[in-house]
Structures are given as C-alpha cells and as structure tokens.
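Residue-level structural notes
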Amino acid sequence: MPQTRLGDGSIARIVPSPYTTGSELVVDGTPQSHVDLRDPSHLHFEYVERMGAVIDRLRMPGQPLTAVHLGAGALTIPRYVEHTRPGSRQQVIELEPALVDLVREHLPLPKGAAIRIRIGDARAGLSRLPASMTGNVDLLVSDVYAGAQTPAHLTTVEFYTAASHLLAPDGVLLVNVADGAGLPFARRQIATVRAVFAHVIVLAEVQVLKGRRFGNIVIAASHAPMPTEWLPRLMAAGPHPAKVAQGAELDELARGLRPVTDADATPSPKPSATLFGR
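Read on for an overview of the structure.

Criteria and cut-off values
Counting of residues starts from 1 at the beginning of each chain's written sequence and follows it residue by residue. Only residues with pLDDT of 70 or above have their local features reported here, since the model is predicted, and side-chain atom pairs are shown and tallied only from 80 upward, although totals for entire chains, interfaces and linings are computed over all residues. Side-chain figures throughout are based on the complete set of non-hydrogen atoms in the structure, without hydrogens or water. The numbering of helices and of strands both runs from the N terminus, where a helix is a DSSP run of H or I of at least 4 residues and a strand a run of E of at least 2. Whether two residues are in contact is decided by their heavy atoms, any of which lying within 4.5 Å being enough. Two strands are counted as paired when DSSP detects at least two bridges linking them. Fitted lines through C-alpha atoms serve as axes, helices being fitted only where they are in contact, and the angles separating the N-to-C directions of these axes extend from 0 to 180 degrees. Any residue with an atom within 4 Å of a point lines the site, the site being either a cavity, points on a 1 Å grid over the protein atoms alone where a 1.4 Å probe fits but cannot get out, or a pocket, an open set with protein on both sides within 12 Å along at least 5 of 7 lines. Grid points are joined across faces, edges and corners, and a volume is the space filled by probe spheres set on the points. Gly is put with the polar residues, along with every residue not named as nonpolar or charged; the nonpolar set is Ala, Val, Leu, Ile, Met, Phe, Trp, Tyr, Cys and Pro, and the charged set is Asp, Glu, Lys and Arg.

Concerning the side chain of His-69
- Here His-69 is to be found in strand β5 (residues 66–70).
- Beyond its immediate sequence surroundings of up to four residues, His-69 is in contact with Ile-77, Pro-78, Gln-90, Gln-91, Val-92, Ile-93 and Val-141.

Written as structure tokens, this is what we have:
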C-alpha cells in the first residue's frame, strides 16, 4: 500500500476504493480524494460531483479554462477539467511536497496536461501566481484540509478578498465546506463569502443543508450573476437528493452572523471519529 508521512506527522495512503473503481487518497483515516485513472470524469464523492456540475456550466462546453486549485489532494478536479476541457491552463497550490510526490508516482497525471503544481501555503501562494492570472481566472477551487479540518486562515473575509482578485469578471469560486448538526461553521462561511461576492449559491444534499447530519456543502460565488438556467440543471445533475439554495434561503441561513475575519477565525469542525469507519 503506497504511503508517506506528511509534515504534520499524519500518514497519507493510496488505497483501492472499497466502493467503486479507482483509488482513494486517505489521510489518517479520512478519505480526501477519489481518482479513477481510466475515467477522470468519475468523481464519486458527492461534493466533488456537485463541483463538477458547476464547472460543466462555465463558458461553452469543452472550452478550455484558466483554473487555480488550492489544495491538491489526489488532483481529482484538475484531472476532470483537463479531461472535459483539454487545453485548460491550471495551477495547483499544495503545502505538502510528500503528498504531491506520492500522488504523482502512484496516480500519475495525464501526459501533456498543463497542470503546474506549486508547493506552499494556499493563501500565501495566491500572491505568487503569475501576474497575468490576476483578473483572468475562470475557476478558483478552495478545498484545503489539514487532516480533516480546513485551516482557519482559509476561512476569512481577508482570504476570500485576496482570492476574488484572481477571478475574471464572471469567474467562479468553489469552496468545499464540511460541517455537522445545525451548520454553525458552514452558515458563517456563507455569510463570509457573501460579504465579498455579490452572487452566491449553495449546493448540498438535502439533509446536510438542513443541518441534520455531518457532510459537505459547496459554495459557488461570483462577482457576476450566475445564469438562472443553471439552477434546474444543477438540481438535475445531482447527486440526489440535491438542493440548490440561493437568495432568501441564504439570507435565512446567514441571518445574524458576522463574517469571519483573521482576528476570530477557527478551523472547520472535526468529523466524528466513526464517520469514515470501514
């Protein structure tokens, strides 16, 4: 079983998927990515499928994108973008060089893919990207985990403001947020993203969005309106039962909550130790 020790002492392993074809990247017992080398369009994890549904609606079908990914994992989304939109220009920022080496050796990237991986902190790395990318990024994905938690400094108004400067006028930010009962962390993240972006929608499984169980929600945000025809198509794309929240529903979720700042940020909550039991 291929594995490596990361800088924080955790162990990253690549294992055969116990549920479907392909492989999983697992860090200290927490599944973090699924990759199917024979079919990069097979995303498997529900929240990643929801991200894929949004990505499919950017620009014209098959049109190459300029994309930035914060957090590498096993490079599932960069592979998906390359597979569905050949010729895309992609940059990935990842803190753990040992993780990148493990994935590159055992789950190699497609030959010829224009995917550059930069080692470093995701937030600090935003300012080190080529100057030509500022204001020209079609897709920015924030999916960073240290173990099973999103680091605090990647949850704030200051972080999202810095990220927003990369985006093209109609570019889209996608954020993976994990939370449990009542969604206290996710609801405040919605309030924070809405403090920076004028247009926000949220995608999730129905029971997760109702705060009835631990799970992932995807926040999609843009400076420009996201076309209304996206909504029924995103619902239809699933996974089911799917929910797409916007407008008054997000007003209610974020009601009375202050945006997170660098002064009061906390990491995302840890999932239950039994959540990923095999």
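Further notes follow.
Considering the sheet that holds strand β7 (residues 115–119)
- The 8 strands are arranged β7-β6-β5-β8-β9-β11-β10-β12 in an open sheet whose pairing can be described as mixed. Here the strands that pair on one side only, and so sit at the sheet edges, are β7 and β12 (242–245). Between one strand axis and the next, the sheet turns through 15° on average, direction left out of account.
- Bridging between strand β10 (residues 199–205) and β12 involves 4 bridges; their strand directions are antiparallel. Bridge pairing in β12 places Ala-204 opposite Lys-243.
- Strands β9 (167–179), β10 and β12 of the sheet are contacted by helix α8 (residues 230–237), whose axis makes an angle of about 155° with β12.

Remarks on the layout of surface pockets
- Its boundaries defined by the atoms lining it, the second largest pocket holds a volume of some 160 Å³.
- Taken together, 13 residues line the second largest pocket, and the ones lying closest to its centre are His-199, Val-200, Ile-201, Met-226 and Gln-246.
- Mapped by element, the contributors of at least two residues to the lining of the second largest pocket are β10 and α8.
- At 3 residues, the largest contribution of residues to the lining of the second largest pocket is made by β10.
- Considering only residue class, the lining of the second largest pocket consists of 8 nonpolar, 4 polar and 1 charged.

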